[in-house]
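Observations on the three-dimensional arrangement
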Amino acid sequence: ADGRGQLHLSTDASHGGDYTGVEPMGLFWSLAPAGMEKPYQRLLPRSTGTPMKVEMLVHQGHSHPGTIPGPVVAKAEVERWFTAPGVRRIRLKEGGVRGSLFLPPGDGPFPGVIDMYGDEGGLIEFRSSLLATRGFAALSLPYFDFEDLPKVMKELKLEYFEEAARFLQRHPKVKGPGVGVIGTGKGAELALSMITFLPEVVAAVCISGCSSNTVADLHYGEMTLPGLRFDMNKVSVSEAGIFDTFEALDDPTNPANSPCVIPIEKAEGHFLLVVGEDDRMWKSSLYAELAIKRLRQHGKENFELLSYPGAGHRIDPPSTPFCQVALDRVLGVPVLGGGESKAHAHAQEHSWGKIQEFLHLHLG
């Protein structure tokens, strides 16, 4: 602190603790469960309509982790908002489509984006509300374990995603002619299938995805893309009980698995592939390479790759607390996502700007 007892986080370096160096948002992205809390929990906003309140305390002296800190000498509360004033949230029950549509303030029309997460299921809204805050009409789209959608992800019909894309494309507040899609994990892989088979989708952001269909068979009319399977015999478990699934997915390069490959060369739109090079959930760097190789073999250059050394699996919007190991909602066990906190935080910040640039470029 300076002579007046002030710290300026944008210029003053941290010399120790959970992060070092000049990191204006380090206090947030380095947040982790305290010793008395359940480990391996992700800190994500449950509601986008109310702020996440973070109380900061300054204690007398320096205390090591696990020791009782000294008396409190100052405190402040910081509110983190995920929705700007004027953003509207509309809950959807439109035909078969479920989810939430977030619309920016103003008359529009706005570029339209469908937002999906992975095999945890349910409705995850905070990225959609942040996209709407940045000027996109964003549809947060669950595809299982929500309301009257199937409870588990046994098989998927692309017609559901087609209905969502058509709903968004035809919405009076949405710019045409096409819409975009952003997905993480299983959601990224669904984004690849959507831009491949649905003419409404013209831009796809795929974060830590696979270039083949996985786990659940995907049907579209008479066509079926079978899903690569996980071999649980190839999952290793550490002494601490942490599951490492890195080697468990069937090999997409095995000719026997070629029916699972998403034929992305058929896509007329543009791809943004985002991967962490230390993703331990599965081999997303390799899968991005396979996707690019396939596009180039067909004379296509309609892609960008953002590949981040030291980043793990789930690359979320900036300053989302890094979670190297997270409880898997389906398996109920801690699963290794990989990555190192500072590198992952920088990947989240850099990719968020690039994602918005990419979507604006291709959606107007």
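Reference entry: report on the structure contained in this document. (Residues numbered from 1 in each chain as written. Predicted model: local features only at pLDDT ≥ 70, side-chain atom pairs only at ≥ 80, totals over all residues. Heavy atoms only, no water.)

1. A few points about the layout of surface pockets
The volume enclosed by the second largest pocket comes to roughly 300 Å³. As for the second largest pocket, its lining consists of 19 residues, and the residues nearest its centre are Arg-80, Phe-82, Leu-130, Pro-318 and Ser-319. Broken down by secondary-structure element, the contributors of at least two residues to the lining of the second largest pocket are strand S1 (52-59) and helix H2 (126-133). A per-class count over the lining of the second largest pocket returns 15 nonpolar, 2 polar and 2 charged. (1 Å grid on protein atoms, 1.4 Å probe; cavity = no way out; pocket = protein on both sides within 12 Å on 5 of 7 lines; lining within 4 Å. Points joined across faces, edges and corners; volume = space filled by probe spheres on them. Helix = DSSP H or I, 4+ residues; strand = E, 2+ residues; numbered from the N terminus. Nonpolar A, V, L, I, M, F, W, Y, C, P; charged D, E, K, R; others polar.)

2. Quick word on the sheet that holds strand S7 (residues 155-157)
The sheet built from 3 strands is open, its strands ordered S7-S10-S11 with mixed pairing. With partners counted over all chains shown, the strands left at the sheet margins are S7 and strand S11 (223-225), one partner each. Pairs of neighbouring strands in the sheet enclose a mean axial angle of 20°, with direction left out of account. Note that S7 and strand S10 (residues 217-220) share 3 bridges and pair parallel. (Pairing = 2+ DSSP bridges. Axes fitted to C-alpha atoms, helices over the stretch in contact; angles between N-to-C directions.)

3. Some details on the sheet that holds strand S9 (residues 201-207)
Judged by pairing direction, the sheet is mixed, and its 8 strands sit side by side in the order S3-S4-S6-S5-S8-S9-S14-S15 without closing on themselves. Edge positions in the sheet fall to strand S3 (88-94) and strand S15 (303-308), since each of these pairs with one other strand and no more. The average angle at which neighbouring strand axes cross in this sheet is 20°, direction not considered. In this sheet, S9 lies alongside strand S8 (residues 179-184) in parallel orientation, the contact comprising 6 bridges. Of the residues in S9, the one forming a bridge with Ile-182 is Val-205. This element, helix H6 (residues 341-363), spans strand S5 (112-116), S8, S9, strand S14 (270-276) and S15 of the sheet and lies at about 170° to S9. (Contact = heavy atoms within 4.5 Å.)

4. Focus: the pairing of S9
Of all 7 residues in S9, 6 are buried; the element is thus mostly enclosed. Traced from S8 through helix H4 (residues 186-197) to S9, the parallel crossover comes out right-handed. One ladder, built from 5 bridges, connects S9 with S14; its direction is parallel. Directly across from Ala-204, in S14, lies its bridge partner Phe-271. (Buried < 20%, exposed > 50% of the residue type's maximum accessible area, 1.4 Å probe, protein only. Right-handed = clockwise from strand over helix to strand, strands pointing away.)

5. Some details on the nonpolar core
The biggest cluster of nonpolar side chains holds 51 residues, and the ones touching the most others in it are Ile-114, Met-116, Tyr-143, Phe-161, Met-194 and Phe-271. Apart from the residues within four sequence positions on either side, Phe-271 is in contact with Leu-192, Ile-195, Ala-204, Ile-264, Leu-295, Asn-302, Phe-303, Glu-304 and Phe-358. Core analysis: the next-biggest nonpolar cluster, separate from the first, contains 26 residues, Phe-126, Ile-182, Leu-306 and Ala-311 among them. (Core = buried A, V, L, I, M, F, W, Y, C linked by side-chain atoms within 4.5 Å.)

6. Considering the pattern of salt bridges
Scanning all chains against the criterion turns up 19 salt bridges. The partner of Glu-147 in a salt bridge is Arg-91, with the nearest N and O atoms 2.6 Å apart. Here Glu-147 is found in the loop between strand S6 (137-140) and S7, whereas its partner Arg-91 is found in strand S3, with 56 residues between them in sequence. For Glu-147, a relative accessible area of 42% corresponds to the partly exposed category. Here Arg-91 falls in the partly exposed class, since its relative accessible area comes to 39%. In this structure, Glu-162 engages Arg-166 in a salt bridge whose closest nitrogen and oxygen atoms are separated by 3.3 Å. (Salt bridge = Lys/Arg side-chain N within 4 Å of Asp/Glu carboxyl O.)

7. Description of the side chain of Glu-120
Here Glu-120 shows up in the loop between S5 and H2. Look at Glu-120 and you get buried, because its relative accessible area is 17%. Engagement of the side chain of Glu-120 in a polar contact is seen with the side chain of Arg-314, the distance being 2.7 Å. When residues no more than four places from it in sequence are discounted, the contact partners of Glu-120 are Phe-144, Arg-314 and Arg-329. (Polar contact = N/O pair within 3.5 Å; in protein donor to acceptor, adjacent residues only side chain to side chain.)

8. Observations concerning the packing of aromatic side chains
Scanning the model with the defined rule gives 9 aromatic pairs in all. Ring centres 5.6 Å apart and planes at 55° place the aromatic pair Tyr-19 and Trp-29 in the tilted group. With a gap of 10 residues between them, Tyr-19 in the segment before helix H1 (26-29) and Trp-29 in helix H1 connect regions that are remote in the sequence. With respect to burial, Tyr-19 and Trp-29 carry one shared label: buried. Here Tyr-160 and Phe-161 contribute two aromatic rings whose centre-to-centre distance is 5.3 Å and whose plane-to-plane angle is 85°, an arrangement assigned as edge-to-face. The residues Tyr-160 and Phe-161 share a single accessibility class, namely buried. (Phe/Tyr/Trp six-rings, centres within 6.5 Å; stacked < 30°, edge-to-face > 60°.)

9. Observations concerning the side chain of Thr-196
Within the secondary structure, Thr-196 sits in helix H4. The class of Thr-196 is buried, set by a relative accessible area of 8%. There is a polar contact of 2.7 Å between the side chain of Thr-196 and the backbone oxygen of Leu-192. The contact partners of Thr-196, leaving out residues within four places of it in the chain, are Ile-262, Pro-263, Ile-264, Lys-266 and Ala-267.

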